[in-house]
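# Notes for the structure review
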Amino acid sequence: MKIVTNATELVSGCAFVPTMGALHEGHASLFRIAREINEIVVASIFVNPLQFESKDDLAKYPRTPDRDIDLAEASGVTHLWLPNQSEIYPAEPKIISAGELGNKFEGASRKGHFDGVLTVVQRLFELVKPAQAVFGEKDFQQLALVKTIAGNIEIIQAPIIREADGLAASSRNVRLDEISREKSVVISKALYSASRAESLNKARSVLNEILASEQGLTLDYAEIIDEVDFSSAIESTQKKRGIVAGWINGVRLLDNMQMIFGDK
Ligand code: PAF
C-alpha cells in the first residue's frame, strides 16, 4: 500500500472510499468491496471541518492514525491518501447546498452538516477522479445526497456492518462506556423488530415502543420513510426504510434498516 500526501500521485479511474479515519470493520468492508471491483483502491482520510457544527465535536472526533494504516492495508487499499487542509481547501470553499433533503432528519439536527459533506465529497471527487466510489448504507441520508452530485462516477451502496449484538459499526462507538454500550443495542433491536412487523402501522408502533423502553436513549428521530425522497412512508411506498438517531450518554448514534412487510 502506498501512502500518498499529494493527489497528483493518485491514479484516476480507481475505486474510491472517502473516510474521516478512526477506521473500523465497516470501513474495512467498504475497502474490500472496492477491491472486488477495481484493482486500484484509493482511500482518503480527511476530517472535514465543514461538516461539524461545533469546534468541540470536531475536536472530539476520534483519531487513530497508526491503526488506520494497518486496517487499510489489510483490507485491500492500494493508495491511502492523507491530504492536508490546504490541498482540499486551497481557498475559501464554495459551499454546495444539500437542498431540501439536506434539511431533513440528520440535517435538521445538524445544521449545515450535509452542505459540508457535499462540499468535501465534490472536492475529493474532483481531485481523485474515480470510476466508482463506495459509500455505506449506515449514513443512508448521506448516501442519497452523494448520489445527487456523483455525475458519471458510479456510486456503490454497501450494507451496514453490525457487531454480534446488532449495533451498527461506527467511529463513534469507541466513545460508549460499558453501560452505554449495553443500552445502545436498543436501536438495532427496535429496527429488527419493526422490520418483522406485518404492516407499516404495526412497525411504527413497535419501533417507538422499543425505543421508549430504554430510558438512557434521548431520541432525536425514529421514522419509516420512503427511501427515495425521505417522506413518511405510506402503505404503497415501494422502498421503505426505518431510520433512527439519538444520543446515549452524549454519544450520537444512528442506524437504519430496510422494511419489507408481509413478504417474508
Ligand atoms: O462518511 C464520512 O466519513 C464522511 O462524511 C465523508 C463521506 C468521508 C465526507 O467527509
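All values derive from a computational prediction rather than experimental measurement.

Before going further, it helps to examine the sheet that holds strand β8 (residues 240-248). What links the strands of a sheet is backbone hydrogen bonding, and the strands pair in either a parallel or an antiparallel sense. Here three strands make up an open sheet; going across it, the order is β7-β8-β9 and the pairing antiparallel. Looking at strand neighbours, the two that pair on one side only are β7 (217-226) and β9 (251-259), the edges of this open sheet. If you compare each strand with its neighbour and ignore which way they point, the axes differ by 15° on average. The pairing of β7 with β8 spans nine bridges and is classified as antiparallel. Directly across from D226, in β8, lies its bridge partner K240. Sheet contacts for helix α8 (residues 178-195): β7, β8 and β9; angle to β9, the most-contacted strand, approximately 20°.

With that out of the way, let us pick up the site of the ligand. Neighbouring the ligand are P18, T19, M20, N48, Q51, V120, F135, D139 and Q142. Here an oxygen atom of the ligand sits 2.6 Å away from a polar atom, N or O, in the side chain of Q51. Here the ligand, which alone exposes 290 Å², has 90% of that area covered by the protein.

Turning our eyes to something else, we now look at the packing of aromatic side chains. For the structure on display, the rule yields six aromatic pairs. Both rings, one in F16 and one in F125, keep their centres 6.3 Å apart while their planes meet at 70°; by these two values the pair is edge-to-face. One end of the pair, F16, is in strand β2 (residues 15-19); the other, F125, is in helix α6 (residues 113-128), with 109 residues separating them in the sequence. A relative accessible area of 0% means that F16 is categorised as buried. An aromatic cluster of at least three residues, connected via ring pairs, comprises F16, F125 and F135. The cationic tip of R252 hangs over the ring face of W247; the distance from NZ or CZ to the ring centre is 4.8 Å.

The next thing to look at is the packing of α6 against helix α7 (residues 140-149). Between α6 and α7, whose axes approach to 10 Å, the crossing angle comes to 50°. With respect to their mutual orientation, α6 and α7 come out oblique. Where α6 crosses over α7, the two elements pack in a sense that is right-handed. Across the interface between the two elements, F114, V117, L118, V121, Q122 and F125 from α6 touch Q141, Q142, L145, V146 and I149 from α7.

This part is about the environment of E227. Inspection of the secondary structure puts E227 in the loop between β7 and β8. Residue classification places E227 among the buried positions, given a relative accessible area of 13%. C-alpha separation for the pair E227 and P90, spaced 137 residues apart in sequence, amounts to 36 Å. Apart from residues lying up to four places away in sequence, E227 is in contact with F140, K239, K240, R241 and Q258. Only 3.0 Å separates the side chain of E227 from the side chain of R241, close enough to count as a polar contact.

Moving on: the sheet that holds strand β5 (residues 132-136). Across the sheet, six strands lie side by side as β1-β4-β3-β2-β5-β6; this open sheet has parallel pairing. Looking at which strands have only one partner, the edges of the open sheet turn out to be β1 (2-4) and β6 (154-158). Neighbour to neighbour, the strand axes of the sheet diverge by 25° on average, direction disregarded. Pairing of β5 with β6, which is carried by five bridges, proceeds in the parallel orientation. The residue bridging V134 from the neighbouring strand is I156, located in β6. In the packing of helix α1 (residues 25-37) onto the sheet, contacts are made with β2, β3 (41-45), β5 and β6, and the angle to β2 comes to roughly 165°. Strand contacts of α6: β2, β3, β4 (79-81), β5 and β6, with the helix running at about 145° to β2, the strand carrying the most contacts.

What follows is about the environment of I149. By secondary structure assignment, the location of I149 is in helix α7. Sequence separation of I149 and G246 is 97 residues, and the distance between their C-alpha atoms is 28 Å. Setting aside its immediate chain neighbours within four residues, I149 contacts L118, V121 and Q122.

The rules behind each value
Residues numbered from 1 in each chain as written. Predicted model: local features only at pLDDT ≥ 70, side-chain atom pairs only at ≥ 80, totals over all residues. Heavy atoms only, no water. Pairing = 2+ DSSP bridges. Helix = DSSP H or I, 4+ residues; strand = E, 2+ residues; numbered from the N terminus. Axes fitted to C-alpha atoms, helices over the stretch in contact; angles between N-to-C directions. Contact = heavy atoms within 4.5 Å. Near = heavy atom within 4 Å. Polar contact = N/O pair within 3.5 Å; in protein donor to acceptor, adjacent residues only side chain to side chain. Areas by Shrake-Rupley, 256 points an atom, 1.4 Å probe, with all protein chains shown as cover. Phe/Tyr/Trp six-rings, centres within 6.5 Å; stacked < 30°, edge-to-face > 60°. Buried < 20%, exposed > 50% of the residue type's maximum accessible area, 1.4 Å probe, protein only. Lys NZ or Arg CZ within 6 Å of the ring centre and 35° of its normal. Parallel < 35°, antiparallel > 145°, perpendicular 65-115°, else oblique. Left-handed = near helix turned anticlockwise from the far one by under 90°.

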